[in-house]
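Topology and contacts: notes
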Amino acid sequence: MTQATLELDTLPAQAADRTGFDIGWDHAHHGLVPPADLLHAGTPVCQGWMAGRAVFGHRVLATHRATRQWLQLRLQAWRCGIAFERQQVTPHYLAQIHTHGCPVLRLPLGGTAADPAAAQVERLNPDAAYAAGNLAVISRQAALARDGVGILSAVRCARRAEVSGEPAAGLHAAAWWRLAALRSYATPLPFHEAARLPLAVLPPKRVRLLNAVQGLQALLTLLFAAPGFSARARAVGALLPEHTLRHDFNLFVGAIAPRVLEVGPDTRAVRRALEDAWLHDRVQRRWQHFVFSLGEAGVEALLAQTTSRGLAPVRVLSHAAEQATEGWALVPPPRPARRRTAPPPPVPASRGSAPRLHAAR
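Residues numbered from 1 in each chain as written. Predicted model: local features only at pLDDT ≥ 70, side-chain atom pairs only at ≥ 80, totals over all residues. Heavy atoms only, no water.

A positive phi is found at Arg-206, a non-glycine position, where the angle reads about 70°. Arg-206 sits in the buried class, given a relative accessible area of 18%. One non-glycine residue with positive phi stands out, namely Ala-329, at about 55°. Here Ala-329 lies in the loop between helix H14 (321–324) and strand E5 (356–359). Residue Ala-329 is classed as partly exposed on the basis of its relative accessible area of 49%. (Buried < 20%, exposed > 50% of the residue type's maximum accessible area, 1.4 Å probe, protein only. Helix = DSSP H or I, 4+ residues; strand = E, 2+ residues; numbered from the N terminus.)

By the criterion of burial, strand E2 (residues 135–139) is predominantly enclosed, with five of the five residues buried. The alternating pattern of E2 places Leu-135, Val-137 and Ser-139 on one face and Ala-136 and Ile-138 on the opposite face, and all of these are buried. In this structure, strand E1 (residues 119–123) lies alongside E2, joined through five bridges in antiparallel fashion. By the bridge assignment for E2, Val-121 is matched with Val-137. (Pairing = 2+ DSSP bridges.)

Turning our attention to the pattern of salt bridges. Close approach of charged atoms allows side chains of opposite charge to pair. Summed over all chains, the structure comprises nine salt bridges. The salt bridge involving Asp-22 is made with Arg-86; its shortest N-O contact spans 3.9 Å. Of this pair, Asp-22 sits in helix H1 (residues 15–29) while Arg-86 sits in the loop between helix H3 (65–80) and helix H4 (91–97), and the two are 64 residues apart along the sequence. For Arg-86, a relative accessible area of 39% corresponds to the partly exposed category. (Salt bridge = Lys/Arg side-chain N within 4 Å of Asp/Glu carboxyl O.)

What follows covers the packing of helix H10 (residues 229–239) against helix H11 (residues 243–261). Helix-helix packing: each pair is described by the crossing angle between the helix axes and the interaxial distance. Between H10 and H11, the least distance of the axes is 11 Å, while the angle of their chain directions is 165°. What the angle tells us is that H10 and H11 run roughly antiparallel. In terms of crossing hand, the pair formed by H10 and H11 is right-handed. Residues Phe-229, Ala-233, Val-236 and Gly-237 of H10 form the contact with H11, whose own contacting residues are Arg-246, Phe-249, Val-253, Ala-257 and Leu-261. Residue composition of the contact of H10 with H11, grouped by class: seven nonpolar, one polar and one charged. (Axes fitted to C-alpha atoms, helices over the stretch in contact; angles between N-to-C directions. Parallel < 35°, antiparallel > 145°, perpendicular 65-115°, else oblique. Left-handed = near helix turned anticlockwise from the far one by under 90°. Contact = heavy atoms within 4.5 Å. Nonpolar A, V, L, I, M, F, W, Y, C, P; charged D, E, K, R; others polar.)

Quick look at the structure:
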């Protein structure tokens with residue numbers, strides 16, 4: 001048997017170069033060619049591709065849309081120096097989060113990569129890696145609008161558009177509220193800030209909600225997503241420890257339920273009605289009165305109870321707080337210097353153990 005020797009330059013011992021080599025290798029394994037600008041012998045991607053071709057030849061794996069998207073995302077992350085978590089973010093995972101409509105603009109997705117309606121996989125938290133729970137599919141137009149825009153800036157744009165009645169920076173008020181909500185799901189926020197944000201868009205598939213109050217907000221909203229919501233709402237109310245809290249919860253239910261009853265049984269129409277309901281002042285007032293009366297510890301306890309009892313009409317998964325951002329490569333904020341004259345205060349047992357959710361629809 002004749003064997004050929006493949007001449008490759010020695011790879012530098014750098015993680016980025018090893019990552020590029022693996023990307024080129026996986027291109028060859030799937031019978032695909034990397035971009036032309038990377039097909040220079042000195043690039044790690046080209047070296048990996050050449051090595052893969054020598055090993056696999058024509059014995060390549062089947063290639064699908066999700067496979068090409070997976071390789072493109074890895075290339076994009078490698079070019080930009082952004083971490084990519086490969087254990088969970090696979091072609092299968094990308095196929096699961098695929099959607100046919102933009103959750104921000106509510107328009108069908110499609111067209112070439114340069115079209116405004118082209119589907120793009122985006123990181124909700126731009127300070128985190130390409131990792132499970134931090135990715136959602138939106139349109140190119142929505143991705144360009146949110147580029148460099150934080151949560152507070154999106155809220156300001158939404159309010160400016162509401163006051164003027166005209167689009168702000170090309171998007172109407174509801175779209176800005178949806179962008180703010182999407183960004184907030186994957187961003188740890190103080191309790192009072194997260195509680196004041198409207199759930200203007202239901203969490204896309206596999207997105208993890210890092211703020212417990214938004215997890216409860218989403219779960220209670222999903223109570224109304226299917227017939228039989230009255231019984232589910234009563235079951236949640238029965239979990240509340242005080243009569244006054246049950247009264248506040250019933251007022252919230254009374255504010256949001258009519259929005260669902262108006263649209264009939266169509267599932268898509270119900271979901272949009274639920275999202276739009278959160279842009280009404282009465283729903284927001286009732287919600288904030290309820291959760292601020294319940295308090296942060298009460299929110300975490302109620303969220304744990306409702307998820308464990310499976311009260312939502314869709315499958316919801318719960319993650320421990322320390323596991324929710326596993327693989328996200330988040331850099332912890334610097335700790336402020338503190339005096340050593342007194343020991344640090346004890347940390348309540350409930351902190352760090354509250355569940356973080358994602359919908360596994």
